[in-house]
Amino acid sequence: MIRLEVLGPHTLLLSTLCAKCPQGPAGCCKAPPEMDWSDVGRVVAGGGRDFLLARIAKKDLIPTEDGLVLRRVKRREAPTEPMERKCVFHGAGGCTIAPPLRPATCNYFLCEDTFIEGGERKGERSAVLARQAHGALRATYERWDAELSARVAAGFPEGPAWDAAFLDWLGEAFVELEAASPLARAGEGLG
Ligand code: SF4
Ligand code: SF4
């Protein structure tokens, strides 16, 4: 079954299948998404600037030309579980950080198996709406990434310093883009 928590850019798509993921205990957290410019801006806008600075210092988040990469670690959460290479933020009970601190993809991505399990082919409304939300969110975040990428390149030709001032600037740029988007009105534009 699929459940939607429609919160504009912070929308969560949840599937009961994830608790018994066919990919293993870490599910798709074995291959964490990158934290793109729009993700970094969204996290800062949600009050997560100091979280980002602390995790960059710990090298859990690694700066790249496109934002931040989430470090992968190799570990098992219990002696009975397999050793897995997975996102540093994945723990025994799933993700250990709150949705506003994650890349948006972590919040809205669902694999094809979940749509099958959720009854999309039978027209189950929650699955059909989740598919629409997924498409709308991905298109919006891609557009925001392109816009923020251009602004970062123009404003920081030598590359950003990854300090508080830069993160605040990025958070403000995200807020500006969000305010101009239909997604800012939670629930609208998501089918
Ligand atoms: S979205 Fe799919 S691959 Fe990812 S945890 Fe859920 S069931 Fe597993
Ligand atoms: S941030 Fe959380 S949800 Fe995203 S890949 Fe890492 S553990 Fe999974």
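Overview of the structure.

1. Structural notes on the overall build of the protein
Part 1: Secondary structure assignment for the protein yields six helices and nine strands.
Part 2: Relative to a compact globule of 191 residues, whose C-alpha radius of gyration would be 16 Å, the protein shows 17 Å and is just as compact.
Part 3: Counting only C-alpha atoms, the protein reaches 50 × 45 × 20 Å along its principal axes.
Part 4: Buried positions account for 40% of the 191 residues belonging to the protein.
Part 5: For the protein, the share of sequence-separated contacts (at least 6 apart) that also reach a separation of at least 24 residues comes to 66%.
Part 6: Of the roughly 10000 Å² that the protein leaves accessible, carbon and sulfur atoms contribute 55%.
Part 7: Across the protein, 24 positive and 26 negative side-chain charges occur, with their mean positions spaced 8 Å apart.

2. A word on the site of ligand 2
Part 1: With respect to spatial proximity, the complete set of residues near ligand 2 consists of Cys29, Pro32, Leu70, Cys87, Phe89, His90, Cys95, Ile97 and Cys106.
Part 2: Residue composition of the shell around ligand 2, by class: eight nonpolar, one polar and no charged.

3. So, the site of ligand 1
Part 1: Contacts to ligand 1 come from Leu17, Cys18, Cys21, Gln23, Gly27, Cys28, Cys111 and Thr114.
Part 2: Its residues assigned to classes, the shell around ligand 1 shows five nonpolar, three polar and no charged.

4. Topic: the layout of surface pockets
Part 1: Approximately 980 Å³ is the volume attributed to the largest pocket.
Part 2: Cys18, Ala26, Cys28, Cys29 and Cys106 are, among the 47 residues lining the largest pocket, the residues nearest its centre.
Part 3: Elements represented by at least two residues in the lining of the largest pocket include exactly strand S2 (12–15), strand S7 (84–87), strand S8 (90–91), strand S9 (94–95) and helix H3 (104–108).
Part 4: Split by residue class, the lining of the largest pocket holds 28 nonpolar, eleven polar and eight charged.

5. Digging into the sheet that holds strand S4 (residues 61–64)
Part 1: On the basis of which strands lie adjacent, the open sheet formed by three strands has the order S3-S5-S4 and antiparallel pairing. Each of the sheet's edge strands pairs with one partner strand only, and the pair in question is strand S3 (35–36) and S4.
Part 2: Across the sheet, helix H2 (residues 49–57) touches S3, S4 and strand S5 (67–70), and the angle it forms with S4 is around 90°.

Quick notes on the rules
- Residues numbered from 1 in each chain as written.
- Chains lettered and ligands numbered in written order.
- Predicted model: local features only at pLDDT ≥ 70, side-chain atom pairs only at ≥ 80, totals over all residues.
- Heavy atoms only, no water.
- Helix = DSSP H or I, 4+ residues; strand = E, 2+ residues; numbered from the N terminus.
- Rg over C-alpha atoms; globule rule 2.2 N^0.38 Å.
- Buried < 20%, exposed > 50% of the residue type's maximum accessible area, 1.4 Å probe, protein only.
- Contact = heavy atoms within 4.5 Å.
- Areas by Shrake-Rupley, 256 points an atom, 1.4 Å probe, with all protein chains shown as cover.
- Lys, Arg positive; Asp, Glu negative; His and termini not counted.
- Charge placed at Lys NZ, Arg CZ, Asp CG, Glu CD.
- Near = heavy atom within 4 Å.
- Nonpolar A, V, L, I, M, F, W, Y, C, P; charged D, E, K, R; others polar.
- 1 Å grid on protein atoms, 1.4 Å probe; cavity = no way out; pocket = protein on both sides within 12 Å on 5 of 7 lines; lining within 4 Å.
- Points joined across faces, edges and corners; volume = space filled by probe spheres on them.
- Pairing = 2+ DSSP bridges.
- Axes fitted to C-alpha atoms, helices over the stretch in contact; angles between N-to-C directions.

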